[in-house]
Amino acid sequence: PVSGASSSTAAILAPPGTYIITTGASAATPVPAGTFQPSSGATLAFQTPAGTYIPVTGSSSSTSALLAPVGTYIPSMGATSSNAAIPALTGTYIPVTGASSSSAAIPASIGAYIPVTGASSSSAAILAAPGTYVPTVGASAAILAPIGSYVARSGASAPTLAPLGSFVSNTGAASATPAPVGTYVSTAGASSATQAPVGSYVANMGASAATLASPGT
């Protein structure tokens with residue numbers, strides 16, 4: 001840094017947070033964003049670890065790195081901004097800072113789903129509403145109960161077949177419909193009721209079979 005120097009003892013070591021990458025340099029260069037250098041006299045910089053980022057130049061310690069926010073992860077080294085953070089996928093959440101991999105994401109439980117990216121807590125999970133269910137972990141949406149079945153409660157993992165004497169004619173049902181008077185349902189999971197045949201009758205709702213009429217009636 002001074003003119004007319006006659007000895008190597010006049011050379012000044014690059015201080016921490018800087019480096020010198022060329023011979024004959026007159027000044028040290030701050031290490032770039034995304035890196036740090038804790039030693040003096042350095043000729044290189046260290047990249048900040050995955051899961052962190054350093055948004056400024058001239059960092060002298062890895063402790064100056066900022067952690068990836070909750071709900072995100074940073075898989076690569078040398079990140080310079082929180083923009084490098086990747087949100088947790090739908091169906092998952094990341095409850096900790098400094099995550100470096102998608103493996104840090106926790107899937108939503110069976111019976112619940114997470115429809116948004118970047119969730120940071122299990123509280124982001126939504127219980128499947130009546131009429132819907134979620135059979136697997138990590139779901140991003142609930143499934144409508146199919147025709148012939150129903151889901152009566154929230155947070156279900158499977159639908160229930162309509163029992164004998166009832167039916168479900170539409171998807172997403174929260175209850176089964178009893179067979180009307182004059183009809184019956186003899187199988188579980190039915191989508192409609194059957195009319196009592198000629199010579200028989202059904203006097204009550206919810207019947208699973210018709211009754212033969214007495215002779216002469």
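Residues numbered from 1 in each chain as written. Predicted model: local features only at pLDDT ≥ 70, side-chain atom pairs only at ≥ 80, totals over all residues. Heavy atoms only, no water.

(A) Fine view of the environment of Gly131. With respect to the helices and strands, the residue Gly131 is situated in the loop between strand 12 (126-127) and strand 13 (132-133). Given the relative accessible area of 0%, Gly131 is considered buried. The spacing of Gly131 and Pro215 is 84 residues in sequence and 45 Å in space, taken between C-alpha atoms. Contact partners of Gly131, with chain neighbours within four places excluded, come to Ile143, Leu144, Ala145, Val151, Gly172, Ala173 and Ala174. (Helix = DSSP H or I, 4+ residues; strand = E, 2+ residues; numbered from the N terminus. Buried < 20%, exposed > 50% of the residue type's maximum accessible area, 1.4 Å probe, protein only. Contact = heavy atoms within 4.5 Å.)

(B) Representation of the environment of Leu144 within the structure. Of note, Leu144 is situated in strand 14 (residues 143-144). As for Leu144 and Val134, which are separated by 10 residues in sequence, their C-alpha atoms are 9.1 Å apart.

(C) Quick peek at the side chain of Thr18. If you trace the backbone, Thr18 turns up in strand 1 (residues 18-19). There is a polar contact of 2.6 Å between the side chain of Thr18 and the backbone oxygen of Pro15. Setting aside chain neighbours within four positions, we find Thr18 in contact with Ala28, Thr29, Pro30, Val31, Gln37 and Ala42. (Polar contact = N/O pair within 3.5 Å; in protein donor to acceptor, adjacent residues only side chain to side chain.)

(D) The side chain of Ser149, seen in detail. As for its placement among the helices and strands, Ser149 is situated in strand 15 (residues 149-150). On the accessibility criterion, Ser149 (2% relative accessible area) is buried. A distance of 2.9 Å separates the side chain of Ser149 from the backbone oxygen of Pro146, its partner in a polar contact. Every residue in contact with Ser149, bar those within four places of it in the chain, is listed here: Pro159, Thr160, Leu161, Ala162, Val168 and Ala173.

(E) Representation of the environment of Ile106 in the model. Position of Ile106 relative to the elements: it lies in strand 10 (residues 106-107). Here Ile106 falls in the partly exposed class, since its relative accessible area comes to 34%. Considered as a pair, Ile106 and Leu89 are 17 residues apart in the sequence and their alpha carbons are 9.9 Å apart. Contacts of Ile106, omitting those with residues within four sequence positions, involve Gly91, Thr92, Tyr93 and Pro95.

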